[in-house]
Amino acid sequence: MKRLPPLTGIEAFIQVARLGSVKAAAEALALSSPALTRRIQALERFVGRSLFDRRHHAVHLNHEGEKLLAEIGPAVDALALAMERATGGGELMRLRLAVLPLYASQRLIPRLGALRSDHPELHIDIDTGAHGLVRLDEGLDAAIVLAREVDPALYARRLHVNQAIAIGARRVQQGPEAFTHPAQLAHATVLLHRDLPDAFDYWREAAGIPDVEPAAIDHFDSGQLILDAAAQGLGVAFMLEMHLAAARDERLVQLFDVAVTSPYSYWFACRRSALNRPAVRLFHDWLFSEVADAATQA
């Protein structure tokens, strides 16, 4: 059997790599920063090369560190789960997850059956209430939110690359008053989701009609209801391309040939220390393996 590296060094290395901070990793492992640094240095001596680029108080994985993390990270996670099961702690894991209703119904729920088959020990309490990030200190383990950016004090990772589009009823593409040009929105009602308040502004700039004002703007706090309203012809919804594709609603179509990169994205977020919990880590890794866009994996 080949000589193993210092396991405490591997633990320290993975925590710093995933949390992006020596201080946060030290807190998660209940160590002082100097003690954690010594463990990483011991691992670097073992492999014979540096694993981080160090600049002032910041550390970032270098190429060698990224390669090592990709190779040993899944194995260490599997070892942690195996030990949970061996010690009786793996019989049931529970994740308390905040997630927006439309994302849950379109992206999450359809895939949870496969997750349960692979990991029957993981159970998820789903909370569809608003302000998931704020409530991470109120019993929630993690949140999937729609936002421009996430507080850097949290661990956050983008789930999808999005395009904002105009979505309307199929019938508004027909007849003498059919929508054929974006300028016609001056006579229409625009439907906006409260989590995408600037979607129309970005879209009309890209469409070359920055000064066009709609007849009215109606706001919704439910993604499914805004899509239903658009399908009923109550207005033109400015949502994400993924919302239309996942809806699979024959009543809905994309209006106009204009799509603009959205400033809003879906993010997975949690307290940095929460990544040490087996339920959070298992769900996080599954989410980015099975649900997130490939473009966000780089």
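Residues numbered from 1 in each chain as written. Predicted model: local features only at pLDDT ≥ 70, side-chain atom pairs only at ≥ 80, totals over all residues. Heavy atoms only, no water.

1. Here's the deal with the packing of aromatic side chains
The line we're drawing: Each pair of aromatic rings taken from Phe, Tyr and Trp, with Trp reduced to its six-membered ring, is defined by centres within 6.5 Å and is described as stacked if the planes are under 30 degrees apart, edge-to-face if over 60, and tilted in the remaining cases. Where helices and strands are cited, they refer to DSSP runs of H or I of at least four residues and of E of at least two residues respectively, numbered from the N terminus. Here's how the labels work: a residue is buried when its accessible area is under 20% of the maximum for its type, exposed when over 50%, partly exposed in between, all with a 1.4 Å probe on protein chains only. The rule for a charge over a ring is simple: NZ of Lys or CZ of Arg within 6 Å of the ring centre, and within 35 degrees of the ring normal.
Within the structure shown, the criterion is met by ten aromatic pairs. Centroid distance W203 to F256: 5.8 Å. Interplanar angle 45°. Geometry classified as tilted. Of this pair, W203 sits in helix α6 (residues 199-206) while F256 sits in strand β11 (residues 252-261); the two residues are 53 residues apart in sequence, bridging distant segments of the chain. Judged by relative accessible area, which is 0%, W203 ranks as buried. Centre to centre, the rings of F268 and F288 are 6.4 Å apart; their planes meet at 85°, and the pair counts as edge-to-face. Pair noted here: F268 is in strand β12 (residues 265-270) and F288 is in helix α9 (residues 278-290), with a separation of 20 residues, a long-range link. Since its relative accessible area comes to 5%, F288 is described here as buried. By the ring-pair criterion, three or more aromatic residues cluster together here, those being Y155, F268, F283, W286 and F288. When the ring centre of F288 is taken as reference, the NZ or CZ atom of R157 above it lies at 4.0 Å.

2. Quick look at the layout of surface pockets
Rules: Only protein atoms enter the calculation, which uses a 1 Å grid: trapped sets of points that fit a 1.4 Å probe without letting it out are cavities, open sets showing protein on both sides within 12 Å along at least five of seven lines are pockets, and any residue with an atom within 4 Å of a point is a lining residue. Grid points are joined across faces, edges and corners, and a volume is the space filled by probe spheres set on the points. Following the grouping adopted for this structure description, the nonpolar residues are Ala, Val, Leu, Ile, Met, Phe, Trp, Tyr, Cys and Pro, the charged ones are Asp, Glu, Lys and Arg, and the polar ones are all others, Gly among them.
The calculated volume of the largest pocket comes to roughly 930 Å³. Along the walls of the largest pocket sit 37 residues, with R18, V76, D77, A78 and A80 positioned nearest its centre. The biggest single contributor to the lining of the largest pocket is helix α4 (residues 63-86), with twelve residues. The residue inventory of the lining of the largest pocket, partitioned by class, reads 23 nonpolar, five polar and nine charged.

3. Details of the packing of helix α5 (residues 101-118) against α9
Selection rule: Axis angles are defined between N-to-C directions and span 0 to 180 degrees, where every axis is a line fitted to C-alpha atoms and, for a helix, only to the segment in contact. To sort the angles, those under 35 degrees are grouped as roughly parallel, those over 145 as roughly antiparallel, those from 65 to 115 as roughly perpendicular, and the leftovers as oblique. Should the near helix be turned anticlockwise from the far one by less than a right angle, the crossing is left-handed, and should it be turned clockwise, the crossing is right-handed. Whether two residues touch is decided by their heavy atoms; if any such pair falls within 4.5 Å, the residues are in contact.
As a packed pair, α5 and α9 sit with axes 12 Å apart at the nearest point and diverge in direction by 115°. The angle between α5 and α9 places the two elements in the roughly perpendicular class. Crossing of α5 against α9: the hand is right-handed. When α5 is examined against α9, the residues L108, R111, L112 and L115 are found in contact with a partner set consisting of L282, F283, W286, L287 and E290. A per-class count over the contact of α5 with α9 returns seven nonpolar, no polar and two charged.

4. Focus: α5
Inclusion rule: Under the convention used throughout, the expected extent of a helix is 1.5 Å for every residue step, that is, one less than its residue count.
In this model, α5 (18 residues) spans 24 Å end to end at C-alpha, consistent with the 26 Å of a helix rising 1.5 Å per residue. Residues L102, Y103, A104, Q106, R107, L108, L112 and L115 constitute the buried set of α5.

5. Topic: the sheet that holds strand β5 (residues 142-147)
So the rule is basically this: Here the rule is simple: two strands pair whenever DSSP picks up at least two bridges between them.
Strand order in this open sheet of five strands is β4-β3-β5-β12-β6, and the pairing throughout is mixed. The sheet terminates laterally at β4 (122-127) and β6 (155-158), the two strands that pair on one side only. Each adjacent strand pair in this sheet contributes to an overall mean axis angle of 25°, direction not counted. Of the pairings in the sheet, the one linking strand β3 (residues 93-99) to β4 comprises six bridges and is parallel in character.

The analysis is restricted to geometry; functional conclusions fall outside its scope.
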